[in-house]
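Observations on the three-dimensional arrangement
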Amino acid sequence: MINHRIGIDFGGTKIEIIILAPDGTIILRRRTPNPRTYDAAIQTVTQLVQAAESETNTQNTIGVGIPGAISPFTGLVHNANSVWLNDRPFDRDLAAALSRPVRVENDANCFALSEASDGAATGHRVVFGVILGTGCGGAIVVDGKLITGPHRIAGEWGHNPLPWPTPDDLPYPPCFCGNTGCLERYIAGPALAADCDGAHDASEIPPRAAAGDPHATAALARHADRTARALAQIINVLDPDAIVIGGGLSNMDHLYTEVPRLLPRHVIAQRVVTPILRNKHGDSSGVRGAAWLWPATESK
Ligand SMILES: [Zn+2]
C-alpha cells in the first residue's frame, strides 16, 4: 500500500476527487454529480474514496473542501450554499463512514493552502490567499499550515469596510451581512460589473477597456485603487511574504500591474516588496488544497 493524499472538492453541482502524490502529481481524478441530499452525499463521497483507493492500490489521508464552514462552537456546518450540509456534522459523519479522520475546510482556505504548498506562492513563509469571484474570501497560510483561529475566520476580510474611502466610494452601500461598506460590495465580481456602465458580467470589462471603452477603463482603475487600499491594510497588519489571488477575477491583468503600483500610498513601510501573484492551479486549487490539508510536515 502506498500512502498519498486524497483531496475532495465538494461543490454545489459536482463532487471531484483526486489522489495527489507527494511531488504534486495528480495520479487519479474523478468527477461525479452531487446528489444534493445529505445521506446520499456521504455515500457518494465514501464510494468515490473506496473506488479511487482500490483502483490505485493506495491508502490516503482525506481532506475535503466545502462551500461553507464547520462552526467551532457547534461542530456543525454553517453558511454552506450547498444547503443540505448545513447544521450537519459533515466531518464526523464522513470520518465514521471512512473509518479514519477527515479534515474539512472552506474553499478559500483550500485555495490558499494549495497555492502555498506547491502553487504560485511556493517557498513563501506567510501567504495571504485572496479569492475574488462572486464573493471576496481570504485565508492565511504560515509554514505550509492554515491559520484558523478560535472563530475559524482567520483571513476572512470580505466583510471589513473599504478603507480610506474617497467621495467616489461613499455612501457605504449596505451588505447582506448587515454591515455597510463591506469590501465584497466594492471588489468582488458583481460589484465590479455594477460599477461599469452596460456591463452584465465583470469578465466583459477588461476586453472593453482594451478596446478603448472609457467606462470600462475607469471601472478597472477604481477597482485597482480599491483593491490596493484593501490589500495595503492586510500588509500593514500581517505583512505576508506573498499575496496570491484566485477566483473569477484573478485572470485580470490590472491586479498584477496597477495594484502593486498603488500599494505604497497606504503601506507604512518605506518600500513595498510584497509580490501580488496570479494563482498557478486555477480551478484545481480547491481540490488540491483539500489534499494538502494534511501537510507533509505533520505526522498522520
Ligand atoms: Zn458584508
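Report follows, based on the coordinates. Remember, predicted model here, so these are calculated numbers, not experimental data.

1. A word on the packing of helix α1 (residues 38–56) against helix α2 (residues 90–98)
The interhelical angle for the contact between α1 and α2, taken along N-to-C directions, is 45 degrees, at an axis separation of 10 Å. Taken together, the axes of α1 and α2 are oblique relative to one another. Between α1 and α2 lies a crossing of right-handed hand. Contacts between α1 and α2 involve Tyr38, Ile42, Val45, Thr46 and Val49 from the first element and Phe90, Asp93, Leu94, Ala97 and Leu98 from the second. The residue makeup of the contact of α1 with α2, split by class, is eight nonpolar, one polar and one charged.

2. A few points about the packing of aromatic side chains
As enumerated under the stated definition, the model contains four aromatic pairs in all. Ring plane angle 90 degrees and centroid distance 5.5 Å describe the contact between Phe128 and Trp157, whose orientation is recorded as edge-to-face. Here Phe128 is found in strand β8 (residues 126–132), whereas its partner Trp157 is found in the loop between β10 (145–146) and α4 (184–187), with 29 residues between them in sequence. Accessibility classification places Phe128 together with Trp157 in one group, the buried group. Grouped by ring-pair contacts, the aromatic residues Phe10, Tyr38 and Phe90 constitute a single cluster. The cationic tip of Arg103 hangs over the ring face of Trp294; the distance from NZ or CZ to the ring centre is 3.7 Å.

Thresholds, definitions, all that
Residues numbered from 1 in each chain as written. Predicted model: local features only at pLDDT ≥ 70, side-chain atom pairs only at ≥ 80, totals over all residues. Heavy atoms only, no water. Axes fitted to C-alpha atoms, helices over the stretch in contact; angles between N-to-C directions. Helix = DSSP H or I, 4+ residues; strand = E, 2+ residues; numbered from the N terminus. Parallel < 35°, antiparallel > 145°, perpendicular 65-115°, else oblique. Left-handed = near helix turned anticlockwise from the far one by under 90°. Contact = heavy atoms within 4.5 Å. Nonpolar A, V, L, I, M, F, W, Y, C, P; charged D, E, K, R; others polar. Phe/Tyr/Trp six-rings, centres within 6.5 Å; stacked < 30°, edge-to-face > 60°. Buried < 20%, exposed > 50% of the residue type's maximum accessible area, 1.4 Å probe, protein only. Lys NZ or Arg CZ within 6 Å of the ring centre and 35° of its normal.

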